[in-house]
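Report on the structure
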Amino acid sequence: MATLMVFDHPLIQHKVSMLRDKRTTSKEFRDLVKEVGLLMGYEITRNLPLKEVTIETPICKTKAEVLEGPDIAIIPILRAGLGFVDGILELVPNAKVGHVGLYRDPETHEAIEYYCKLPEDIDKRRIIVTDPMLATGGSAVAAIDLIKEKGGKDICAMFLIAAPEGIAELTKAHPDVDIYIAAKDECLNENAYIVPGLGDAGDRLFGTK
Ligand code: PRP
Ligand code: URA
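Overview of the structure. As the structure is a prediction and not an experimental result, all values here were calculated from the model.

Basis of the calculations
- Residues numbered from 1 in each chain as written.
- Chains lettered and ligands numbered in written order.
- Predicted model: local features only at pLDDT ≥ 70, side-chain atom pairs only at ≥ 80, totals over all residues.
- Heavy atoms only, no water.
- Helix = DSSP H or I, 4+ residues; strand = E, 2+ residues; numbered from the N terminus.
- Contact = heavy atoms within 4.5 Å.
- Near = heavy atom within 4 Å.
- Polar contact = N/O pair within 3.5 Å; in protein donor to acceptor, adjacent residues only side chain to side chain.
- Areas by Shrake-Rupley, 256 points an atom, 1.4 Å probe, with all protein chains shown as cover.
- 1 Å grid on protein atoms, 1.4 Å probe; cavity = no way out; pocket = protein on both sides within 12 Å on 5 of 7 lines; lining within 4 Å.
- Sits in = over half its atoms within 2 Å of the grid points.
- Nonpolar A, V, L, I, M, F, W, Y, C, P; charged D, E, K, R; others polar.
- Phe/Tyr/Trp six-rings, centres within 6.5 Å; stacked < 30°, edge-to-face > 60°.
- Buried < 20%, exposed > 50% of the residue type's maximum accessible area, 1.4 Å probe, protein only.
- Lys NZ or Arg CZ within 6 Å of the ring centre and 35° of its normal.

1. Observations concerning the environment of glutamate 169
Along the chain, glutamate 169 turns up in helix H5 (residues 164-173). The sequence separation of glutamate 169 and threonine 136 amounts to 33 residues, and the corresponding C-alpha distance is 7.2 Å. With residues up to four places along the chain from it excluded, the contact list for glutamate 169 reads Thr136, Gly137 and Val141.

The structure is reproduced here in structure tokens:
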């Protein structure tokens, strides 16, 4: 059964409140999403396995622990998922980055695929799917369907803000995928936007509206 973890760290909560504020500019929004990506990434990687090796310090030989693998793949859901990538890459600079392009049809709110390029060895990597918003869950479910079709197995997903509807949908479709969020909001409105949410994450990140 999937884990749902809400990161209630005060720094994350403070930054999410700034992201919600409609006066926050695109530049500030991008910087904040990157910072929250790094803070959430730090928690998400907490259980990466370690192995023991022998190294030599300037003083003597000693046993030390280093990451054992599997290697990581970050897969942002375009466009808005891109906002998290740089923050996570600061923690795991050798991670590979795949891309899944999806947009919500404005009428039906269904996720439409327009791009998919994943690392060749995706089946061997620990995968972190990134998107700031989990609204109906349609985009996340479609992205993870696609990643699994291409061989991905070890998958978790991180979002800034999730609606209860999206959490239920993603958990039902992919019970093996752990979900990490910074906030669980109240509901969706008639346009399937999260309430209170932060508006359209892609437009706010890239200044397109
Ligand atoms: C937004 C958001 C998610 C999706 C969430 O993307 O970044 O991908 O909507 O909604 P859902 O859970 O109901 O599918 P959007 O389709 O607006 O595309 P964009 O990132 O290119 O702006
Ligand atoms: N996509 C967004 O960017 N925001 C929402 O609230 C819902 C979907």
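2. What about the site of ligand 2?
If you check the shell around ligand 2, you find Arg104, Met133, Ala135, Ala192, Tyr193, Ile194, Gly199, Asp200 and Ala201 and nothing else. Alanine 201 places a main-chain nitrogen or oxygen 2.8 Å from an oxygen atom of ligand 2. Within the complex, the protein chains bury 89% of what would otherwise be the 240 Å² of accessible surface of ligand 2. More than half of the atoms belonging to ligand 2 lie within 2 Å of the grid points that define the largest pocket. Residue classes in the shell around ligand 2 are distributed as 6 nonpolar, 1 polar and 2 charged.

3. Points about the site of ligand 1
Every one of the 15 residues lining ligand 1 counts as a neighbour, but Arg104, Asp131, Thr136, Gly137 and Ser139 are closest to it. Between ligand 1 and arginine 79, the relevant distance is 2.9 Å, taken from an oxygen atom to a side-chain nitrogen or oxygen of the residue. More than half of the atoms of ligand 1 fall within 2 Å of the grid points belonging to the largest pocket. Looking at the shell around ligand 1, the elements that each hand over two or more residues are strand S6 (99-104), strand S9 (133-134) and helix H4 (138-149). Residues belonging to the shell around ligand 1 are distributed by class as follows: 6 nonpolar, 5 polar and 4 charged.

4. Quick look at the packing of aromatic side chains
Following the criterion strictly, the structure yields 2 aromatic pairs and no others. Considering the side-chain rings of phenylalanine 7 and tyrosine 180, the 5.7 Å spacing of their centres and the 0° angle between planes classify their relative orientation as stacked. Taken together, the positions of phenylalanine 7 in the loop between strand S1 (4-6) and helix H1 (10-20) and tyrosine 180 in strand S11 (residues 178-184) put the pair 173 residues apart, joining distant regions of the chain. With relative accessibility at 6%, the residue phenylalanine 7 sits in the buried group. Between the aromatic rings of tyrosine 103 and tyrosine 114, the centroid separation amounts to 6.1 Å while the plane-to-plane angle is 35°, which identifies the pairing as tilted. A residue pair is termed long-range when its members are at least 10 positions apart, and tyrosine 103 in strand S6 and tyrosine 114 in strand S7 (residues 111-117) qualify at 11 residues. Seen from the ring of tyrosine 193, arginine 104 lies directly overhead, with NZ or CZ sitting 5.4 Å from the centre.

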